[in-house]
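A closer look at the structure
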Amino acid sequence: MALVISIIIVLLFGGWLYITIKYYDSSFVTYVYHWDYRVLRRLRQRYNWSMGKTPPDSYETFYNDSINYIANYLEEHHGFIESQRDRVYKAENLTRMLSVQQYIDYYFTEYERFTGKVYYKMFKDFRLGDYKQRDYSYQAALRKILPLAIKSSDKAFELFLKFVDVGWFDKNNGMYIIGNGIEKQHIGRAIYWICKKSNISSPEKVFAPFWGVNEGTVADWCRIKSRNPERTQQIDKIVDDIMSGR
């Protein structure tokens, strides 16, 4: 009996270990392991309530209330997984993050749910220092006007933004930009891979109406059946480097 119980415990532990590694960015695993994720979820609720009032609270009021909430949370909730030192370090990071209103407004309002994936993306911007420099207002504007297939897919939207950041698409209206070495086939291969990696079919049907271009023309830019395979491979390498952040 003891052996059976031991085997069950080992299997349960192994299963949990697999889940935490394989699905580390799931909302459930993130919620269990990261107290700052739990705090951010609560602060997001408070932010949307605070800004939804008539008239809305000032950001300074929300910021001061948030700092007090974090301090009280540290005092009232003891850590089981993280040391107090790590918790204080994370609290200091949260304080720095909350000081940049545009960054907080974007991550607290532009996603339908504050998932584990959004949490990791938010912290990536923080670690890279982008949270102080990036213009989050244009991202919010683009999410409102881009084709539904793109703006409703976090992966497709994030990939599209990578090409906005390097000047392939206009940050104000999402229009393609030709020049400085960027040709229409670059644009076509970019949207082809954005859609392919996001499980979106027919990039020409997605983008042609948005840009006011004939579907056949956009399909030709995509070069799915390339007349010059070597050139297409060269462009695909550039596209892949941009998507990979290289």
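Look up: the structure comes first, before these words.
Residues numbered from 1 in each chain as written. Predicted model: local features only at pLDDT ≥ 70, side-chain atom pairs only at ≥ 80, totals over all residues. Heavy atoms only, no water.

Details of the pattern of salt bridges
This model, assessed by the stated rule, comprises 12 salt bridges. Note that Asp 154 and Arg 143 form a salt bridge whose closest N and O atoms lie 3.7 Å from each other. Within this pair, whereas Asp 154 is found in helix H11 (residues 154-165), its partner Arg 143 is found in helix H9 (residues 136-145), the two being separated by 11 residues in sequence. Owing to a relative accessible area of 10%, Arg 143 belongs among the buried residues under this scheme. Measuring nitrogen to oxygen at the nearest pair gives 3.4 Å for the salt bridge that ties Arg 231 to Glu 183. Of this pair, Arg 231 sits in helix H15 (residues 229-244) while Glu 183 sits in the loop between H11 and helix H12 (184-197), and the two are 48 residues apart along the sequence. The partly exposed category is assigned to Arg 231, whose relative accessible area is 26%. One salt-bridge network, in which partners are shared between bridges, spans Asp 125, Asp 130 and Arg 134. (Salt bridge = Lys/Arg side-chain N within 4 Å of Asp/Glu carboxyl O. Helix = DSSP H or I, 4+ residues; strand = E, 2+ residues; numbered from the N terminus. Buried < 20%, exposed > 50% of the residue type's maximum accessible area, 1.4 Å probe, protein only.)

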